[in-house]
Amino acid sequence: DVKVTQSSRYLVKRTGEKVFLECVQDMDHENMFWYRQDPGLGLRLIYFSYDVKMKEKGDIPEGYSVSREKKERFSLILESASTNQTSMYLCASSLASVETQYFGPGTRLLVL
Amino acid sequence: AQSVTQLDSQVPVFEEAPVELRCNYSSSVSVYLFWYVQYPNQGLQLLLKYLSGSTLVKGINGFEAEFNKSQTSFHLRKPSVHISDTAEYFCAVTLANTGNQFYFGTGTSLTVIP
């Protein structure tokens with residue numbers, strides 16, 4: 001079974017802090033994704049990566065950056081957290097284009 | 001541009017009754033279609049997907065969906081729901097020729113009433 005893990009289930013940070021969300025997959029998948037999930041808005045793509053050191057902006061990249069130094073790990077960085085970044089963050093991976101995305105359990109981030 | 005519309009944000013249904021969750025998409029090119037389910041406090045998991053072939057797709061837990069190209073729809077159905085089907089359901093599309101980016105609907109919250 002594919003396993004996608006996220007470093008924290010719940011996180012509380014203060015405005016202005018730098019926040020790192022980590023995601024690791026164990027199936028040698030090429031593609032990795034970061035989404036945020038908000039009530040009534042569904043999932044919105046922040047960034048995705050189709051290879052090590054490669055990244056593409058999604059629909060809402062503002063205020064976020066990503067890092068993929070190793071194939072199995074994809075990090076989401078909030079350079080200076082703001083209250084409007086309070087949300088559920090979901091990481092996903094897929095073997096290749098069009099393939100099923102496998103999701104982690106999510107990180108619920110609260111920015112005070 | 002691609003978009004996915006889930007018309008019903010909340011669907012209450014009695015146990016053992018049938019249910020249909022609606023999904024419509026807009027795209028000028030061929031798409032692949034997916035339904036995901038999210039149980040409380042969990043990530044999303046795949047229910048079923050349509051890539052090609054038969055337009056009726058069967059998935060896990062007794063769910064099925066039918067791809068209707070003329071109506072640009074991919075509605076999810078189950079003939080008899082259980083309490084354990086209570087969850088959030090998301091429809092998603094990706095472009096057939098590139099496929100890197102998935103576009104998700106806003107979700108439908110299914111509540112099964114005992």
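So, here's what we can say about the structure.

Here is what the cut-offs are and how they apply
- Each chain has its residues counted from 1, following the order in which its sequence is written.
- Each chain gets a letter, beginning with A, and each ligand a number, beginning with 1, in the order they are written.
- Whole-chain, interface and lining totals are the exception, using all residues; otherwise, since this is a predicted model, local features are given only for residues with pLDDT of at least 70 and side-chain atom pairs are given and counted only at 80 or more.
- Computation of side-chain values: all heavy atoms of the structure, hydrogens and water removed.
- The way it works is that DSSP assigns letters per residue, a run of H or I at least four long becomes a helix, a run of E at least two long becomes a strand, and they are numbered from the N terminus.
- The quantity called the radius of gyration is restricted to C-alpha atoms. Its globule counterpart is 2.2 Å times the number of residues to the power 0.38.
- Note on classification: 1.4 Å probe, protein chains only; a residue is buried when its accessible area is under 20% of the maximum for its type, exposed when over 50%, partly exposed between these limits.
- Each accessible area is a Shrake-Rupley estimate made with a 1.4 Å probe; only the visible protein chains count as cover when residues are assessed.
- The positive count covers Lys and Arg only, the negative count covers Asp and Glu only, and His and the chain ends enter neither.
- Just so you know, the charge point we use is NZ for Lys, CZ for Arg, CG for Asp and CD for Glu.
- Two cysteine sulfur atoms form a disulfide, by the criterion used here, when they sit within 2.5 Å.
- Contacts are residue-level and defined by heavy atoms, with any inter-residue pair within 4.5 Å sufficient.
- The salt bridge definition used is simple: a Lys or Arg side-chain nitrogen within 4 Å of an Asp or Glu carboxyl oxygen.
- What qualifies as a polar contact is a pair of N or O atoms within 3.5 Å, subject to a donor-acceptor requirement within protein and to the restriction that residues adjacent in sequence count only when both atoms come from side chains.
- Put simply, Ala, Val, Leu, Ile, Met, Phe, Trp, Tyr, Cys and Pro go in the nonpolar bin, Asp, Glu, Lys and Arg in the charged bin, and everything else, Gly too, in the polar bin.

## Thoughts on the overall build of chain A
Here's step 1: In terms of helices and strands, chain A carries 0 helices and 11 strands.
Here's step 2: If you list the helices and strands of chain A from N to C, you get β-β-β-β-β-β-β-β-β-β-β.
Here's step 3: Computed over its C-alpha atoms, the radius of gyration of chain A comes to 13 Å, within 12% of the 13 Å expected for a compact globule of 112 residues.
Here's step 4: Structurally, chain A occupies a C-alpha span of about 35 × 25 × 25 Å along its principal axes.
Here's step 5: Going through the 112 residues of chain A one by one, you find that 49% of them count as buried.
Here's step 6: Of the accessible surface of chain A, which amounts to about 5,400 Å², a share of 51% is contributed by carbon and sulfur atoms.
Here's step 7: Taken as two groups, the 15 positive and 15 negative side-chain charges of chain A have centres that lie 7 Å from each other.

## A few points about the state of the cysteines
All names here are of chain B.
Here's step 1: Counting across every chain of the model gives 2 disulfides over all chains.
Here's step 2: Disulfide partner of Cys23: Cys91, at an S-S distance of 1.9 Å. Because the sign of the S-S torsion sets the handedness, a value of about -65 degrees for the bond joining Cys23 and Cys91 places this disulfide among the left-handed ones. Pair noted here: Cys23 is in the loop between strand S3 (19-21) and strand S4 (24-26) and Cys91 is in strand S10 (residues 87-95), with a separation of 68 residues, a long-range link.

## With respect to the interface of chain A and chain B
Here's step 1: Tallying the contact residues gives 22 residues for chain A and 23 residues for chain B.
Here's step 2: Linking chain A with chain B are 0 salt bridges, by the criterion used here.
Here's step 3: Where chain A packs against chain B, one counts 4 residue pairs in polar contact (both at pLDDT 80 or more).
Here's step 4: Every element with two or more residues in the side of chain A that touches chain B is listed here: strand S4 (31-38) and strand S5 (42-49) of chain A.
Here's step 5: Per-class residue counts for the side of chain A that touches chain B are 11 nonpolar, 8 polar and 3 charged.

## Things to note about the side chain of His29(A)
Here's step 1: Tracing the sequence through the fold places His29(A) in the loop between strand S3 (19-25) and S4.
Here's step 2: Among the residues examined, His29(A) registers a relative accessible area of 4% and is labelled buried.

## What about the pattern of salt bridges?
Here's step 1: Applying the stated criterion across every chain, the model contains 12 salt bridges over all chains.
Here's step 2: Between Asp38(A) and Arg36(A) there is a salt bridge, with the nearest N and O atoms lying 2.8 Å from each other.
Here's step 3: By relative accessible area, Asp38(A) is classed as buried at 11%.
Here's step 4: For Arg36(A), a relative accessible area of 9% puts it in the buried group.
Here's step 5: When the shortest N-O distance is used, the salt bridge between Arg77(B) and Glu66(B) registers 3.6 Å.

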